[in-house]
Amino acid sequence: MSLKCGIVGLPNVGKSTLFNCISSSKAQSANFPFCTIDPNIGSCNVPDDRLTVLENLVHPKRVVPATVEIVDIAGLVRGASKGEGLGNQFLANIRETDAILHVLRCFDDGNIVHVDGSIDPVRDKEVVDIELQIKDLDTVNSRIEKVRKQATTGGDKNAKKALELLEKYKAVLEQGRNAREVVPETPDEERLAKEFCLLTCKPVLYVCNVDENSAATGNQYTEAVKEAIKNEDAEMMIIAARIESEIAELESYDERQMFLSEIGLEHSGVERLIRAAYDLLGLQTYFTAGEPEVRAWTIRKGDKAPRAAGVIHTDFERGFIRAEVIKYDDYITLGSEAACRAAGKLGSEGKEYVVQDGDIMHFLFNV
């Protein structure tokens, strides 16, 4: 899977600190605007307790988790849609991602400068939203001008459909709302929506970066963000990036858990964020389990068996015959593939089978 989540936000809100917590790559993090210029790309393992359970049952030679790509993008400033700061580069980098982790500063610290001089995450959110909306409106208007000619002079049915959808986007964007509020109603509209590649159509998760004391409970800033996004098709999570960076440096699992317990958390924010990014991209996992390895394979939600097979090797998809499927709970309850087969819990599925999250699969193919 080559899908990527982009970390965006104003300068100095904690994007690079957060990126360094979740990625094996290391980005420069400093107290001045545009510390990040070129995007940093990192890959991180997706936390999944099911892998550990399978490992204890199968005792494989190796375990391979699923991964997700995260991109740390330069900070945006007011006027980015007109080229201010690193605006044009920033917007181009967002366009290349598939979902957005929008980091908002929700902590007070006089030692860390804010580009607008005060802490107001709702204002900061609106700055980014407006710049992306302006850029999308430019894109939509340009498309409308081109498509309208095709629809009126050539009688192109696809052009007419495109024009209708573009007009919907224009109406929403001109009201200062995001394009993701327009929900495609047909498969054709879904296809066109992907082709337009609008910035505010991308799924978004608002990440509220708080101080240590607010890591478990949030604060007045996170409550303001929660209220501001209540009518959006978007989720919000709270994370203390500075504390997460300290946790990431602890070597032992017990030390990390003790640290988390002291600040009132059961799981680290990094683990929750990586999992949320995976879900935001519309991804899910199936497993292969054998003595050589237990592996988590990444597919899109809704993928059918041949497409899932193709993630392992293109020959598997091209020569797909059928898939042998065991449900995760059945595998754990019975303890092995042989036991599941004997109990009639191994299903034989064809090309139309929609793979479910957690399925344990074996593919038969011929090329």
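Just above, that's the structure.
In this text the structure is predicted, and so the values were computed from the model without any measurement.

A few points about the overall build of the chain
Secondary structure assignment for the chain yields 14 helices and 12 strands. Taken over C-alpha atoms, the radius of gyration comes to 23 Å for the chain, in line with the 21 Å a tight globule of 367 residues would show. Dimensions of the chain, computed from the C-alpha atoms along their principal axes, are close to 65 × 65 × 35 Å. Considering the chain as a whole, with its 367 residues, one finds that 48% of them fall into the buried category. In the chain, the share of contacts with a sequence separation of at least 24, taken over all contacts with a separation of at least 6, comes to 69%. Averaged over its 44 positive side-chain charges, the chain has a centre that lies 8 Å from the centre of its 60 negative ones.

Notes on the sheet that holds strand β1 (residues 4-8)
Pairing in this open sheet of six strands is mixed, and the strands run β2-β4-β1-β5-β6-β7 from one edge to the other. Both edges of this open sheet fall to β2 (40-45) and β7 (235-239), since each of them pairs with a single strand only. Here the average twist between neighbouring strands, direction ignored, is 25 degrees. The strands touched by helix α4 (residues 121-153) are β5 (99-105) and β6 (204-209); relative to β5, the strand with the most contacts, the crossing angle is about 145 degrees. Across the sheet, helix α10 (residues 269-280) is in contact with β1, β2, β4 (67-72), β5, β6 and β7; its angle to β7 comes to roughly 160 degrees.

Observations regarding helix α5 (residues 157-174)
Taking 1.5 Å of rise per residue, the 18 residues of α5 would be expected to cover 26 Å, and the 26 Å separating its terminal C-alpha atoms lies within 8% of that figure. Buried residues of α5: Ala-159, Ala-162, Leu-163, Leu-165, Leu-166, Tyr-169, Val-172 and Leu-173, and no others. In this structure, the buried side of α5 is in contact with α4 and α6 (187-196). One or two steps after α5, the chain reaches Gly-176, where phi turns positive at roughly 75 degrees.

Some thoughts on the nonpolar core
One finds Ile-70, Leu-101, Val-207 and Leu-273 to be the most contacted residues of the largest nonpolar core, which totals 73 residues. Broken down by element, the residue count for this core peaks at six residues, all from α10. If sequence neighbours within four positions are ignored, Leu-101 has contacts with Cys-5, Gly-6, Ile-7, Val-8, Ile-70, Leu-205, Val-207, Leu-273, Ala-277 and Leu-280.

Here's the deal with the pairing of strand β10 (residues 320-326)
Within β10, five of the seven residues are buried, which leaves the element mostly enclosed by the surrounding structure. Where β10 and strand β12 (residues 360-365) come together, six bridges link them in antiparallel fashion. The partner of Ala-323 across the bridge, within β12, is Phe-363. The pairing of β10 with strand β11 (residues 346-349) spans four bridges and is classified as antiparallel. Note on β11: the bridge partner recorded for Val-325 is Gly-347.

Concerning the packing of aromatic side chains
A full pass over the atoms with the stated rule returns five aromatic pairs. Measuring from ring centre to ring centre gives 6.2 Å for Tyr-169 and Phe-196, while their planes differ by 80 degrees; the resulting arrangement is edge-to-face. On the criterion of sequence distance, the pair formed by Tyr-169 in helix α5 and Phe-196 in helix α6 is long-range, its members being 27 residues apart. Residue Phe-196 is classed as buried on the basis of its relative accessible area of 4%. Members of the aromatic cluster, each reached through a chain of ring pairs, are Tyr-286, Phe-320 and Phe-363. The residue whose ring lies beneath Arg-50 is Tyr-328, and the NZ or CZ to ring-centre distance is 6.0 Å.

Here's the deal with unusual backbone geometry
Positive phi values are uncommon outside glycine, yet Asn-12 reaches one of about 65 degrees. With respect to the element layout, Asn-12 can be found in the loop between β1 and α1 (15-22). Asn-12 sits in the buried class, given a relative accessible area of 14%. The phi dihedral of His-59 falls on the positive side, at around 55 degrees, and the residue is not glycine. With respect to the element layout, His-59 can be found in the loop between α2 (49-58) and β3 (62-64). Residue classification places His-59 among the exposed residues on the basis of a relative accessible area of 58%.

The rules behind these values
- Residues numbered from 1 in each chain as written.
- Predicted model: local features only at pLDDT ≥ 70, side-chain atom pairs only at ≥ 80, totals over all residues.
- Heavy atoms only, no water.
- Helix = DSSP H or I, 4+ residues; strand = E, 2+ residues; numbered from the N terminus.
- Rg over C-alpha atoms; globule rule 2.2 N^0.38 Å.
- Buried < 20%, exposed > 50% of the residue type's maximum accessible area, 1.4 Å probe, protein only.
- Contact = heavy atoms within 4.5 Å.
- Lys, Arg positive; Asp, Glu negative; His and termini not counted.
- Charge placed at Lys NZ, Arg CZ, Asp CG, Glu CD.
- Pairing = 2+ DSSP bridges.
- Axes fitted to C-alpha atoms, helices over the stretch in contact; angles between N-to-C directions.
- Expected span 1.5 Å × (residues − 1).
- Core = buried A, V, L, I, M, F, W, Y, C linked by side-chain atoms within 4.5 Å.
- Phe/Tyr/Trp six-rings, centres within 6.5 Å; stacked < 30°, edge-to-face > 60°.
- Lys NZ or Arg CZ within 6 Å of the ring centre and 35° of its normal.

By themselves, these figures tell us nothing about what the structure is for.
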